[in-house]
Amino acid sequence: MVNIWDFAYNKPFVRIKKNDGDIIEGKTIAIWDAEEIDADDDMIVVDLGDDGIENIYQGDIVAIERI
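Residues numbered from 1 in each chain as written. Predicted model: local features only at pLDDT ≥ 70, side-chain atom pairs only at ≥ 80, totals over all residues. Heavy atoms only, no water.

**Student:** Would you mind going over the nonpolar core in detail, with residue names and values included?
**Tutor:** Ile16, Ile44, Val46, Ile56, Ile61 and Ile64 are the most contacted members of the largest nonpolar core, which totals 13 residues. Within the residue set of this core, elements represented by two or more residues are strand E1 (13–18), strand E2 (23–32), strand E3 (43–47) and strand E5 (61–66). Among residues more than four places away in sequence, those in contact with isoleucine 61 are Val2, Ile4, Ile16, Lys17, Lys18, Asn19, Ile44 and Ile56. (Core = buried A, V, L, I, M, F, W, Y, C linked by side-chain atoms within 4.5 Å. Buried < 20%, exposed > 50% of the residue type's maximum accessible area, 1.4 Å probe, protein only. Helix = DSSP H or I, 4+ residues; strand = E, 2+ residues; numbered from the N terminus. Contact = heavy atoms within 4.5 Å.)

In structure tokens:
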């Protein structure tokens, strides 16, 4: 499992590859601990610009990198 918390403090632009093969690119705007959102997994929130916002659970991420 990837560590999304490496991207929490400086809020970088990221490229995320999800389990289903989708590639998401955008600016990190928040990372939520599972307990804070009453979920089973931590979540990263990415601003996709004009395409909105994407919430991605940590368990759905195959790879993540700064871009």
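**Student:** Could you give me a rundown of the pattern of salt bridges, with the residues and numbers involved?
**Tutor:** Overall, the coordinates contain three salt bridges when judged by the stated rule. One salt bridge in this structure joins glutamate 25 and arginine 15, with 2.4 Å as the shortest N-O distance. Note that glutamate 25 is positioned in strand E2 and arginine 15 in strand E1, a separation of ten residues in sequence. Relative accessible area serves as the criterion here: at 40%, glutamate 25 is assigned to the partly exposed category. What makes arginine 15 partly exposed here is its relative accessible area of 31%. As a salt-bridge pair, arginine 15 and glutamate 65 come within 3.1 Å of each other at their nearest N and O atoms. Placement of arginine 15 in strand E1 and of glutamate 65 in strand E5 is noted, with a sequence separation of 50 residues between them. Among the residues examined, glutamate 65 registers a relative accessible area of 39% and is labelled partly exposed. (Salt bridge = Lys/Arg side-chain N within 4 Å of Asp/Glu carboxyl O.)

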